[in-house]
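Topology and contacts: notes
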Amino acid sequence: MYVAGVLGTGSALPEKVITNFDLEKVVDTSDQWITSRTGIKERRQAAPDETTSTLSVQASRKALAKAGIKAADLDLIICSTISPDMPLPSTASLIQHALGARGCCAFDLAAACSGFLFGMTVAEQFIRTDAAKYVLVIGAELLSRYLDYKDRATCVIFGDGVAAAVFGPVEPPSGILAHELHTEGQYADHLFIPAGGTALPASRKTVEEGAHYIKMRGNELFKVAVRSLEDVSRQVLKKAGLTADDLDLFIPHQANQRITEAVRERLGVCPEKIYNNISRVGNTSSASIPICLDECVQSGRLKKGDLVLMSAFGAGVTWGAVLMRW
Ligand code: UT7
């Protein structure tokens, strides 16, 4: 049995910045409301010629270079996204071709904001059992393409971004120590895109009604998110026989700074140990945790031997946590 860990990370953010003041001009909102309710000051928006796969290729190339391996060495590519380039084929197929990882198995994974942790967990199973040596996991979202800029409840929240990590066998005590994933479909209608699938195929009517845009019952989700993030964080710590006091770094999914603060307090993690970047990038769904991870690696915030807890919650609803020793 092998132990899986991160060999390299990379991220790619679109250049265009949309500030809260920009949004004040298009929808009935204010910088004061967005900042106090979410912690967000600005987010990124992809240019028309950028897609989920093109940004993924940029982030993946950086992660491969940091890992010191070639695309041809990859055994598996997992692209976590709910904003694919197109319904068919998978975005992972497009990324695999652009990277030149010929013949390497590649598929998309849809678990919304928890998707990167779901992808990490799949990668860990493949590596642990020697079914794969090198696995590229990408968290990639261009949610601006699914936002209704007349709906102030959603258009101020989400941002675009991509990040990737190469996983491979590592020497203990480094590596993934514990993981825990959950889904509860009874809350499916709390965050969804009604049209464009088999339930409501795209038509002139669905477009006129805006049914191809994200709909969110944010207030109901808020309570479920705090409870689920706290529970799942405790579960992985317990599995590994560790406590919140042992943590060096806590990276929660960046849904809302009030959510992450509430979870941090409930877990008893001290304020210096949490990493947040929501003020600069907003909620980038499945790209949120890997962007944070890449920023922590690049800035030296995450050092070898550190114990890091990552916890996420998203549409589905899905939630999960991964505990790893860097
Ligand atoms: O990514 C993972 C899944 N997503 C989440 O976990 C999201 C969790 N939910 C949230 O982060 C928060 O619920 C939101 C930030 C989305 C909303 O904050 P809230 O404090 O729950 O606000 P609310 O939905 O209860 O709305 C309060 C008021 C309403 O007005 P009334 O009915 O009290 O007059 C809204 O219409 O705020 C209004 N409102 C806004 N006002 C100004 C909603 N959005 C805005 C806005 N600007 N952008």
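Just so you know, the residues in each chain are numbered from 1, in the order the chain's sequence is written. Residue-level local features of this predicted model are given only where pLDDT is at least 70; pairs of side-chain atoms are given and counted only at 80 or more, and the full residue set underlies all totals for whole chains, interfaces and linings. Excluding hydrogens and water, the side-chain values take into account all heavy atoms of the structure.

Our next topic: the packing of aromatic side chains. Paired rings are identified among Phe, Tyr and Trp, the last through its six-membered ring, by centres lying within 6.5 Å, and are further divided according to the angle between planes into stacked (under 30 degrees), edge-to-face (over 60) and tilted (the rest). A full pass over the atoms with the stated rule returns one aromatic pair. With 6.4 Å between their ring centres and 45° between their planes, Phe116 and Phe167 make a pair best called tilted. Of this pair, Phe116 sits in helix H5 (residues 115-128) while Phe167 is found in strand S7 (residues 160-170), placing the two residues 51 residues apart along the sequence. Counting from the N terminus, the helices are DSSP H or I runs at least four residues long and the strands are E runs at least two residues long.

In the vicinity of the ligand, 24 residues are found, and the nearest of them are Thr29, Arg37, Asn219, Asn256 and Asn283. Within the contact set of the ligand, an oxygen atom lies 3.1 Å away from a side-chain nitrogen or oxygen of His253. Asn256 places a polar side-chain atom, nitrogen or oxygen, 2.7 Å from an oxygen atom of the ligand. Residue exposure ignores everything except the shown protein chains as possible cover, and the areas themselves are Shrake-Rupley values with a 1.4 Å probe. Look at the ligand: alone it shows 950 Å² of surface, and the protein chains cover 73% of it. Mapped onto the shell around the ligand, the elements with two or more residues apiece are helix H2 (31-38), helix H6 (152-155), helix H8 (218-239), helix H9 (257-267) and strand S12 (307-314). At four residues, H8 tops the list of elements feeding residues into the shell around the ligand. By residue class, the composition of the shell around the ligand is 12 nonpolar, eight polar and four charged. Boundary definitions for the domains trace back to an automatic or database domain assignment. Split by domain, the shell around the ligand shows at least three residues from each of two domains, domain 1 (3-171) and domain 2 (176-325). The cutoff for a nearby residue is simple: one of its non-hydrogen atoms must lie within 4 Å of the molecule or strand. Pairs of N or O atoms within 3.5 Å make up the polar contacts considered here, provided that, within protein, one atom can donate a hydrogen while the other can accept it, and that residues adjacent in sequence are counted only when both atoms are side-chain atoms. In the scheme used here, Gly and all other residues not listed as nonpolar or charged are polar, with Ala, Val, Leu, Ile, Met, Phe, Trp, Tyr, Cys and Pro taken as nonpolar and Asp, Glu, Lys and Arg as charged.

Fitting a line to C-alpha atoms yields each axis, with helices limited to the stretch in contact; the angle taken between N-to-C directions then spans 0 to 180 degrees. The interhelical angle for the contact between helix H3 (residues 52-67) and helix H4 (residues 91-99), taken along N-to-C directions, is 50°, at an axis separation of 9 Å. Taken together, the axis directions place H3 and H4 in an arrangement best described as oblique. Between H3 and H4 lies a crossing of right-handed hand. Across the interface between the two elements, Thr52, Ser53, Ser56, Val57, Ser60, Arg61 and Leu64 of H3 pack against Thr91, Leu94, Ile95, Ala98 and Leu99 of H4. Among the residues making up the contact of H3 with H4, the classes are represented as six nonpolar, five polar and one charged. If an angle is under 35 degrees, it is roughly parallel; if it is over 145, roughly antiparallel; if it lies from 65 to 115, roughly perpendicular; otherwise it is oblique. Two helices that cross are described as forming a left-handed crossing if the nearer one is turned anticlockwise from the farther one by less than a right angle, and a right-handed crossing if clockwise. Any pair of residues with heavy atoms lying within 4.5 Å of one another is described as a contacting pair.

Below, the discussion takes up the packing of H8 against H9. Put simply, H8 and H9 touch, their axes get as near as 9 Å, and they point 40° apart. By the angle class used here, H8 and H9 are oblique. In this structure, the crossing between H8 and H9 has a hand that is right-handed. Note on element contacts: H9 touches H8 through Arg258, Ile259, Ala262, Val263, Arg266 and Leu267, opposite Phe222, Ala225, Val226, Leu229, Glu230, Ser233 and Arg234.

With that out of the way, let us pick up the environment of Gly320. Note on placement: Gly320 falls in strand S13 (residues 318-325). By relative accessible area, Gly320 is classed as buried at 0%. C-alpha of Gly320 to C-alpha of Thr51: the two residues are 269 residues apart in sequence and 27 Å apart in space. Excluding anything up to four places from it in sequence, Gly320 contacts Ser114, Leu117, Glu180, Leu181, Val232, Met310, Ser311 and Ala312. The classification of residues rests on relative accessible area computed with a 1.4 Å probe and restricted to protein chains. Under 20% of the type maximum is buried, over 50% is exposed, and intermediate values are partly exposed.

Our focus in this paragraph is the domain arrangement of the chain. For the chain, the assigned domains read domain 1 (3-171) and domain 2 (176-325). Taking the mean C-alpha position of each, domain 1 and domain 2 sit 14 Å from one another. Listed by partner, the interface residues are 51 residues for domain 1 and 44 residues for domain 2. Once two parts are brought into contact, the accessible area they lose, counted with a 1.4 Å probe and summed over both, makes up the buried area. Counting each side, the surface lost to burial between domain 1 and domain 2 is near 3,700 Å², with a carbon and sulfur contribution of 66%. For this analysis, a salt bridge means a side-chain nitrogen from Lys or Arg found within 4 Å of a carboxyl oxygen belonging to Asp or Glu. Our count for the contact surface shared by domain 1 and domain 2 stands at zero salt bridges. Inspection of the region where domain 1 meets domain 2 yields 21 residue pairs in polar contact (both at pLDDT 80 or more).

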